Amino acid sequence: MFTKRRRRVFHTQVLFPLPVLEVSPSRPVEGHSMTLTCKTQLRTQRPDNQFRFCFFSDGKFLGSGCSSSPKLQFPAIWRKNPEVYWCMAEETINKIRKWSLPTKIPVQRIPVSDVSLETRPTGGWVMEGSKLVLICSVVNATGNITYLWYRGALGSNLETKTQHSLSAEFEITEMKRRDAEQYYCAADNGYGPVLSELVSIAVRVPVSRPVLTFGEPGIQAVLGDLVELHCEALRGSPPIFYQFYHENVILGNSSASSGGGASFNLSLTAENSGNYYCEANNGQGAQRSEVVTLNITVPIESGNNLTSGVTEWLLGCLGPITMALIFCYWIKRKIGRQSDDLLRSPPRPVLQESSYLNSPDPEQIECVYENVNVVRGDEIYSLVYHIQQELEPVAAQHMKTRGAREVSSEIYSKARKKDITYMDYEDTI
């Protein structure tokens, strides 16, 4: 007879399954918060059953250790943090511990965005020899950022820096004129470089001592001329403001917006003689030229006009007198020559009716006395002519019948011996 045996079957009850580590958000972003949750559940709900949770990374406890909370929160997560995490759940009554599977949590970075370049000093210009600071900034980015600075549109790299900040600075200690260029920067945190806008930097050069000139070299300043005063600073960044001075009094001003010099026109008067200078200023301090003395001369034409005027006045006043003197001198010379001719060869009188000096009828005969001369001793003689009058026919006939002896007879007159003096007739004129 056989006897049946009853088999006993023992069932082991699992208190809780393996915990699962969850992350929120599922793709955490660098710089933002992240929460880890260790999830598990008891099979039987007993009020005295409790859990303790622990979180690990790289074999180390995270946070302050194990706690009753299944969650662990990170205020900000970074790429430098570990990437692999797991958790442990421990049942407090039976001391049963279970670990989750390791979980890799890649932290996403915020790409660089809104890159900008600023300068110090501001305004886009800097003085020659001064310092220029280039500040590269980003609005959004996480993690370490590599900053790069470039000069010129073609991108000549000046400096590279990597740091965990949203801005970085690069300094050029001494700016030169060749450094006047366009600048830009770039920022990269692993997603590729992002470029800033181009910023133009002008290097301002202080003005040098200007030079003042008057018109063209070698030309003498003449009264009444229009003279150009030219002031120019050979060095200096535009715009340049010029002022012109005469004896420390401002004459005028001008500006050169694109560099070079400036001019001021001056109409010369006698009061314009004196000392002149000019000043140049481009906002970095004024520079004064050397003093130039301007001497104004009276033009030669003015002197000639004055001489001509005086000459005309003298001719106008003395002309008639001079002509009269010349005429008198001419008469005198003529009479003198005639007297000399008579002395050398006395002229023969024309056969006309003659009469003595003491003619009984002077009304009918008009006599002319010429050249009274000393002949000898106390005697003098003179030639006496008469002007032939228009005669009646009878008188004319009578004249023809007169003999040659009567007509050609010489007329002599005796002079008194008392106070006889020789007189040159020319000297009496």
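Before reading on, note that the structure itself is shown above.
Below is a short write-up of the structure. (Residues numbered from 1 in each chain as written. Predicted model: local features only at pLDDT ≥ 70, side-chain atom pairs only at ≥ 80, totals over all residues. Heavy atoms only, no water.)

1. Some thoughts on the packing of aromatic side chains
According to the stated counting rule, one finds 11 aromatic pairs in the structure shown. Taking 5.8 Å as the distance between ring centres and 35° as the angle between the ring planes, the aromatic pair formed by W149 and F170 counts as tilted. With W149 in strand 12 (residues 145–151) and F170 in strand 14 (residues 167–172), this residue pair connects regions lying 21 residues apart in the sequence. Owing to a relative accessible area of 13%, F170 belongs among the buried residues under this scheme. Ring geometry for F244 and F264: centres 5.8 Å apart, planes at 25°, overall stacked. (Phe/Tyr/Trp six-rings, centres within 6.5 Å; stacked < 30°, edge-to-face > 60°. Helix = DSSP H or I, 4+ residues; strand = E, 2+ residues; numbered from the N terminus. Buried < 20%, exposed > 50% of the residue type's maximum accessible area, 1.4 Å probe, protein only.)

2. Concerning the side chain of R204
Its location among the elements puts R204 in strand 17 (residues 199–204). With no salt bridge to any partner, buried R204 finds its closest opposite charge in E128, at an N-O distance of 10 Å. Among the polar contacts made by the side chain of R204, one reaches the main-chain carbonyl oxygen of N282 at a distance of 2.7 Å. Apart from residues no more than four positions distant in its own chain, R204 is found in contact with W125, V126, M127, E128, S237, P238 and N282. (Lys, Arg positive; Asp, Glu negative; His and termini not counted. Salt bridge = Lys/Arg side-chain N within 4 Å of Asp/Glu carboxyl O. Polar contact = N/O pair within 3.5 Å; in protein donor to acceptor, adjacent residues only side chain to side chain. Contact = heavy atoms within 4.5 Å.)

3. Focus on unusual backbone geometry
With an omega of 0°, the peptide bond running from S24 to P25 counts as cis. Its place among the elements puts P25 in the loop between strand 1 (20–24) and strand 2 (34–39). At the junction of P238 and P239, the peptide bond is cis and its omega measures out at 0° in the coordinates. With respect to the element layout, P239 can be found in the loop between strand 19 (226–232) and strand 20 (240–246). Even without being a glycine, K95 presents a positive backbone phi close to 60°. Within the secondary structure, K95 sits in the loop between strand 6 (84–91) and strand 7 (96–99). Although it is not a glycine, N248 sits at a positive phi angle of roughly 65°.

4. Quick word on the sheet that holds strand 14
In space, the 3 strands of this open sheet follow the order 9-11-14, with antiparallel pairing throughout. Looking at which strands have only one partner, the edges of the open sheet turn out to be strand 9 (116–120) and strand 14. Taken over all neighbouring pairs, the strand axes of this sheet differ in orientation by 20° on average, direction set aside. In the sheet, strand 11 (residues 132–137) pairs with strand 14 via 6 bridges, with the strands oriented antiparallel. When the sheet's bridge partners are listed, L132 is paired in strand 14 with I172. (Pairing = 2+ DSSP bridges. Axes fitted to C-alpha atoms, helices over the stretch in contact; angles between N-to-C directions.)

5. So, the state of the cysteines
For the structure on display, the rule yields 4 disulfides. The residue that forms a disulfide with C38 is C87, at a sulfur-sulfur distance of 2.1 Å. Across the S-S bond linking C38 and C87, the dihedral sits near 75°, which makes this disulfide right-handed. Here C38, found in strand 2, pairs with C87, found in strand 6; they are 49 residues apart in sequence, far enough to count as distant. Judged on exposure class, the residue C38 and its partner C87 are both buried. Counting only the cysteines that form disulfides, in the order they appear in the protein, gives the pairing 1-4, 2-3, 5-6, 7-8. (Disulfide = S-S within 2.5 Å.)

6. As for the sheet that holds strand 18 (residues 211–214)
Strand order in the open sheet formed by 3 strands is 18-19-22, with antiparallel pairing between adjacent strands. Only two strands of the sheet have a single neighbouring strand rather than two, namely strand 18 and strand 22 (262–267). Between one strand axis and the next, the sheet turns through 20° on average, direction left out of account. Here 4 bridges tie strand 18 to strand 19, and the two strands are oriented antiparallel to one another. Looking at strand 19, one finds that V211 is bridged to E232.

7. Side note on the side chain of Q243
Tracing the backbone shows Q243 in strand 20. Assessed through its relative accessible area of 18%, Q243 is described here as buried. Reaching out from Q243, the side chain makes a polar contact with the side chain of Y245 at a distance of 2.9 Å. Setting aside residues no more than four positions away along its own chain, Q243 makes contact with I250, G252, N253, Y277, C278 and E279.

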